[in-house]
Amino acid sequence: MTSTLPLVVAAIVAWLAIGALGLVRPRSIRYVGRLLFPVGAAVALALAALAVRAIGEPAQTIILPLGLPGLPFHLRLDALSAFFLLLLGAAAAGISMFSAGYFRASEGIAPGLVCLQYHVFLSAMALVIVADDAYAFMVAWETMALASYFLVTTDHRIPEIRRAGFLYLLIAHVGAIAILLCFGVLQGGTGDYTFGSMRSVVLPGGWASIAFLLALFGFGAKAGLLPLHVWLPEAHPAAPSPVSALMSGVMLKTAIYGLLRVAFDLLNGHLWWWGALALVLGLATALYGVIFAAAQTDMKRLLAYSSIENIGIIVAGVGLTILFKAYAKPLFAAITLSATLYHALNHAFFKSLLFLATGSVLHATKERSLGRLGGLIHRMPWVAWLALVGTLAMAGLPPLNGFVSEWLLLQAFLFTPSLPQSFVNMLVPLAAAALVLAVALAAYVMVKFYGVVFLGRPREPNLAYAHDAGRYERVALVWFALGCIVLGLFPVNVIALLDHINEMLLGSTVGRIGSSWWLFAPINADRSSYSPIIVLAGVVAVVLLTIQIVHRQYHGRLRKGPAWDCGFPLQTPRMQDTAEGFGQPIRQVFEAFFRVERTLPSPFDESPNYKVTIDDRLWHWLYLPIAQATDAVARLSGRIQQGRISVYLIYSFLTLLALLMFVR
Amino acid sequence: MTATGFLSQVLQLAIALALAPLLLGWVNQCRAWLSNRSAPPLLLPYRMIRKLFHKDAVVAQNASAVFRITPYIVFGSMALAAAIVPSLATDVPFAHAADAIALVGLFALARVFIALAAMDIGTAFGSIGARREMFIGFLAEPALLMVLFTASLISGSTALPTIVETLAHRDIAIYPSLAFAGVAFTMVSLAENARIPIDNPATHLELTMIHEAMILEYSARHLALIEWASALKLFNYSCIGLALFVPFGIAEVGADWVAILKAAPVLVAKLAVGGLALALIETLSAKLRIFRAPEFLGTAFLLAVLGMLVTQLLGA
């Protein structure tokens, strides 16, 4: 049997080749869209299959003669990277298929150029995941950031999009600097930047903590952790929908991959407060994200904030895993890590599904604002019904996939009384409460999203001309919806797959104690169990039985009539809740989080106008002061630029003098 | 699966489906007595459901399939939940399909569907009802989970049968954590079942209704199923409350069929007392403004978290 890693490298090269081929006929939609993107999807599918094979195999390494002389690229494929390759491949397969039908010649830059950037982005993410030295990792990481920057600014003629792209690039680089410094700490004075040597270095306690904090900051910036989340709600709406899906579904996960790689593979000697810090930060992010999601009026911004929420949940899971590991509870750590990885995989599926659905809606209606949509289930049944699956999954409802991972994570929280430290024991009930609150709010957000976009009556007359998604887009949506269902129904098999990673990172596994193929019981069935198949079968059986009985026993007569609505004779679509209206209770309860600016009309206005803008307070508390300070420093340093050659000569002369003083 | 387990499963589900409307009728009767009105017949909910099944369904013109499938899904979730909650016996096969957390998920599934159906027609009342229901839901659901977590921490399990067996075998005393949890659970149940002080099941007053606003467009068999499902929901919540706080008289693993048959009258008696208590609470309180609901449910949430903290501190 051939080793898997060379094949993975071949897939990466194939993606790069497809990207380059896009330049051959960059304006031809038939060539780029109907040929190159589906081939890219096939490569992604192959990559996912390879990853499934590699996940149970021992780690493989390879050294590529690329890069600087004396600094070749080290690559390594182990269970952790195989899992994230699986996530990348599975998500990219669907998204590439969607892209095949999505990109149009008339929008933004030429499709061939998008194809190049898109495939460079994909291969850079794959390379991040298999990189085994800091040098290759950083090259891939930066390529990923740049490629995604160009993808975000596809419609670069719009100033807001350029601004969003710049903000994204800025925060990506602040994060990259932290990651670079983190690797600098991790090499521990050996000067050897391969991950293999970092693993064997034992850092003194303080340095290990610094490395962890740098990793949390650097990868947190990419993942959208509080307070570095501000780029997400700007960049996701700016990007074309498949790119949003790729960034939200996959790229955020590469940051989680990096965090896991550093925290569990490269670092050793875990301290409990690392875990507590990540836990608190993650939950704060989750709550913050979901509260803001509830107040959004743009469907892609809403989904972006909900990504922040999910990343928060994932990071909280990482934190709890570190806690358990620090207190040497291998089984509980394994369960928590499984829940975390599971949620990452689930999020990749349902968030890609929903972002792609917004792409179809955007193409069909030219509208992103929730306040001008509605009733699309009649016009776009395919998109609407498949998006319903994603909606229910993201709302964390059984028997779909979003519920399983949240269930497992809540189970993990209930193990904490076994921890020896009372402070942590007090922290965890509050943490569980915060997690549950975030999950419950997510259901609110999803009802708002789905109800306003797809249900009700069309809020604008031109929605009557909306058309359903094309063939390629449907295939992609079906792929993700099926993924949501399958991942939800067969948790035992997924956990068996994830156990390889637990084994590698923690040295312990969840195992199949008490579980059988239909019953998921991580410890034993008396402690906790959940069977999605029985839940689904039970509900479906009762539904079918009830329909049968009611129709046989009584009748199935049905009449159509106008809506009753308490007998109000005049009903217009404008009387439905808008997105603002639906989010209003949340805004009222969590008023302290928002910065609300209202312009109210006076009673005598000829054309009354009501306008509300909702802002992130952090923006005003953190980012604007930093921006102003930078501006002020720049202005001060600008004073030395006089624009006269004599002044610059004096500077040179003084510099020379100073140098002579030192060198002497 | 044992034969008695199967028997108790069937019996439990049958009792739930059959007695749920009766519980509703009983509560209405008690409320009427307590407020000095002449009571409606005890069996009125049954007649109502039967009448509705006979009628022709009228559905709004722009209703989608979501609207028509929702009553069945809501009814299905509630029936499944009734099979899972150990009301009669702990040795029921379905109990393993969903533990306490999954049960809350099942309730959430029903809530999300009914809210989506309310938004489907696109009327002002439907969407206001959906918004309010989800608003109440996101406040009540965490509180309910915290109550269940308190019980789980005590019994070291989230499986309801194990919780019942652990709690039933402790010394009879007032445990502070369970006392907090009990108060919180009562408040949550009132909110979740659309009772006073959060909602009023008897009103169609535009500005105050929540649950009724959502199901305004339903008629005939769809409405019948939703009414039945609401009754089942009240029944399920009562049974969860009984399982957590009065777990006595429930047949345990290894019990013979006599014990299971004995458990049935005990359950009916406990539910009768519970219904009376519910009517008493409803009669004694007034409906809150919708924006006072966060305070009410926030209190419940805090009490439940307090219960959990007390469990951690005192181990009781």
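Because the structure is predicted, anything quoted here is derived from the model rather than measured.

1. Digging into the overall build of chain A
And step 1. A tally of regular secondary structure across chain A gives 23 helices and five strands.
And step 2. The C-alpha atoms of chain A give a radius of gyration of 26 Å, which matches the 26 Å a tight globule of 664 residues would have.
And step 3. Once the C-alpha set of chain A is aligned to its principal axes, its extents read approximately 100 × 70 × 60 Å.
And step 4. Taken over 664 residues, chain A has a buried fraction of 55%.
And step 5. Considering only intrachain contacts with a sequence separation of at least 6, the fraction spanning at least 24 residues in chain A is 79%.

2. Considerations on the overall build of chain B
And step 1. Check the secondary structure of chain B and you find 11 helices and one strand.
And step 2. In sequence order, chain B lays out its α and β elements as α-α-β-α-α-α-α-α-α-α-α-α.
And step 3. Its C-alpha radius of gyration of 19 Å places chain B within 12% of the 20 Å reference for a compact globule of 316 residues.
And step 4. Viewed in the frame of its principal axes, chain B has a C-alpha envelope of about 55 × 45 × 40 Å.
And step 5. Looking at chain B residue by residue over its 316 residues, the buried ones come to 62%.

3. With respect to the environment of Ser529 of chain A
And step 1. Inspection of the secondary structure puts Ser529 of chain A in the loop between helix 19 (491–506) and helix 20 (532–553).
And step 2. Residue classification places Ser529 of chain A among the buried residues on the basis of 23 C-beta atoms within 10 Å.
And step 3. Through-space distance from the C-alpha of Ser529 of chain A to that of Gly374 of chain A is 39 Å; in sequence the pair is 155 residues apart.
And step 4. Dropping the residues within four chain positions of it, Ser529 of chain A is found in contact with Leu519, Phe520 and Ala521 of chain A together with His96, Asp99 and Ala159 of chain B.

4. With respect to the domain arrangement of chain A
And step 1. The domain architecture assigned to chain A consists of domain 1 (271–529) and domain 2 (616–664).
And step 2. Computed from C-alpha atoms alone, the centre-to-centre distance between domain 1 of chain A and domain 2 of chain A is 47 Å.

5. As for the interface of chain B and chain A
And step 1. Contacts between the two partners involve 69 residues from chain B and, on the opposite side, 69 residues from chain A.
And step 2. Among the secondary structure elements, those contributing two or more residues to the side of chain B that touches chain A are helix 2 (44–54), strand 1 (57–60), helix 3 (65–84), helix 4 (100–120), helix 5 (124–155), helix 9 (220–245) and helix 11 (293–314) of chain B.
And step 3. No other element matches the 17 residues that helix 5 of chain B contributes to the side of chain B that touches chain A.
And step 4. Taken together, the residues of the side of chain B that touches chain A break down into 43 nonpolar, 18 polar and eight charged.
And step 5. The sheet contact formed by strand 3 (residues 558–561) of chain A and strand 1 of chain B spans four bridges and is parallel. Within strand 1 of chain B, the residue paired with Leu558 of chain A across the bridge is Ala57 of chain B.

6. Focus: helix 16 (residues 401–413) of chain A
And step 1. For helix 16 of chain A, which comprises 13 residues, the first-to-last C-alpha distance of 19 Å matches the rise-based estimate of 18 Å (1.5 Å per residue) to within 8%.
And step 2. Summarising burial for helix 16 of chain A: 13 of the 13 residues are buried, a large majority.

7. Focus: unusual backbone geometry
All names here are of chain A.
And step 1. Residue Pro227 is bonded to the preceding Leu226 through a cis peptide linkage, with omega at -5°.
And step 2. Its place among the elements puts Pro227 in the loop between helix 8 (205–223) and helix 9 (231–238).
And step 3. Phi at Ala328 is positive, roughly 55°, even though this residue is not glycine.
And step 4. Within the element layout of this structure, Ala328 appears in the loop between helix 12 (299–326) and helix 13 (330–365).

8. Side note on helix 7 (residues 176–192) of chain B
And step 1. Between its first and last C-alpha atoms helix 7 of chain B spans 24 Å; for 17 residues at 1.5 Å apiece the expected length is 24 Å, and the two agree.
And step 2. Among the 17 residues that make up helix 7 of chain B, 13 are buried, leaving the element largely enclosed by the rest of the structure.

9. Structural notes on the nonpolar core
The tendency in soluble globular proteins is for nonpolar side chains to be buried side by side.
And step 1. Leu353 and Leu435 of chain A together with Ala304 of chain B are the most contacted members of the largest nonpolar core, which has 376 residues in total.
And step 2. Ranked by the residues each element gives to this core, the list is headed by helix 17 (residues 422–454) of chain A, at 23 residues.
And step 3. Not counting residues within four places of it along the chain, the set of residues in contact with Leu353 of chain A comprises Leu386, Ala387, Gly390, Leu477, Phe480, Ala481 and Cys484 of chain A.

10. Topic: the pairing of strand 2 (residues 71–77) of chain A
All names here are of chain A.
And step 1. Buried residues dominate strand 2, accounting for five of its seven residues.
And step 2. In this sheet, strand 2 lies alongside strand 1 (residues 60–68) in antiparallel orientation, the contact comprising six bridges. Opposite Leu68, over in strand 2, you have Leu71 as the bridge partner.
And step 3. Linkage of strand 1 to strand 2, two consecutive antiparallel strands, is achieved through a turn of two residues, within which Gly70 is found at a positive phi near 80°.

11. Remarks on the packing of helix 17 of chain A against helix 11 of chain B
And step 1. Contact geometry for helix 17 of chain A and helix 11 of chain B: axes closest at 10 Å, N-to-C directions at 155°. In terms of orientation, helix 17 of chain A lies roughly antiparallel with respect to helix 11 of chain B. Relative to helix 11 of chain B, helix 17 of chain A is oriented so that their crossing is right-handed. Between helix 17 of chain A, through Asn425, Met426, Pro429, Leu430 and Ala433 of chain A, and helix 11 of chain B, the contact on the second element is made entirely by Val305, Met308, Leu309 and Gln312 of chain B.
And step 2. Tallied by class, the residues present in the contact of helix 17 of chain A with helix 11 of chain B amount to seven nonpolar, two polar and no charged.

12. A short note on the confidence of the model for chain B
And step 1. On average, residues of chain B score 87 in pLDDT, and 99% of them reach the 70 mark or higher.
And step 2. Among the scores for the predicted complex, ipTM is 0.92 and pTM is 0.92.

13. Here's the deal with the packing of helix 16 of chain A against helix 17 of chain A
Residues and elements named next belong to chain A.
And step 1. Contact pair helix 16 / helix 17: the axes reach a minimum separation of 10 Å and the direction vectors enclose 165°. As judged from the angle between their axes, helix 16 and helix 17 are roughly antiparallel. You can see that helix 16 and helix 17 cross each other, and the crossing is left-handed. Taken together, the residues of helix 17 that come into contact with helix 16 (itself represented by Glu406, Leu410 and Phe413) are Val428, Ala431, Ala432, Leu435 and Val439.
And step 2. Here the contact of helix 16 with helix 17 is built from residues that sort into seven nonpolar, no polar and one charged.

14. Comments concerning the environment of Ala333 of chain A
Residues and elements named next belong to chain A.
And step 1. Tracing the backbone shows Ala333 in helix 13.
And step 2. Residue classification places Ala333 among the buried positions, given that 28 C-beta atoms sit within 10 Å.
And step 3. C-alpha separation for the pair Ala333 and Leu320, spaced 13 residues apart in sequence, amounts to 7.6 Å.
And step 4. Those residues in contact with Ala333 that lie beyond four places of it in its chain are Thr321, Phe324, Lys325, Leu506 and Ser508.

Criteria and thresholds
- Residues numbered from 1 in each chain as written.
- Chains lettered and ligands numbered in written order.
- Predicted model: local features only at pLDDT ≥ 70, side-chain atom pairs only at ≥ 80, totals over all residues.
- Helix = DSSP H or I, 4+ residues; strand = E, 2+ residues; numbered from the N terminus.
- Rg over C-alpha atoms; globule rule 2.2 N^0.38 Å.
- Buried ≥ 20, exposed ≤ 12 C-beta atoms within 10 Å, placed from the backbone.
- Contact = placed C-beta atoms within 7 Å.
- Domains from an automatic or database assignment.
- Nonpolar A, V, L, I, M, F, W, Y, C, P; charged D, E, K, R; others polar.
- Pairing = 2+ DSSP bridges.
- Expected span 1.5 Å × (residues − 1).
- Core = buried A, V, L, I, M, F, W, Y, C linked by C-beta atoms within 7 Å.
- Axes fitted to C-alpha atoms, helices over the stretch in contact; angles between N-to-C directions.
- Parallel < 35°, antiparallel > 145°, perpendicular 65-115°, else oblique.
- Left-handed = near helix turned anticlockwise from the far one by under 90°.
- pLDDT = per-residue confidence, 0-100.

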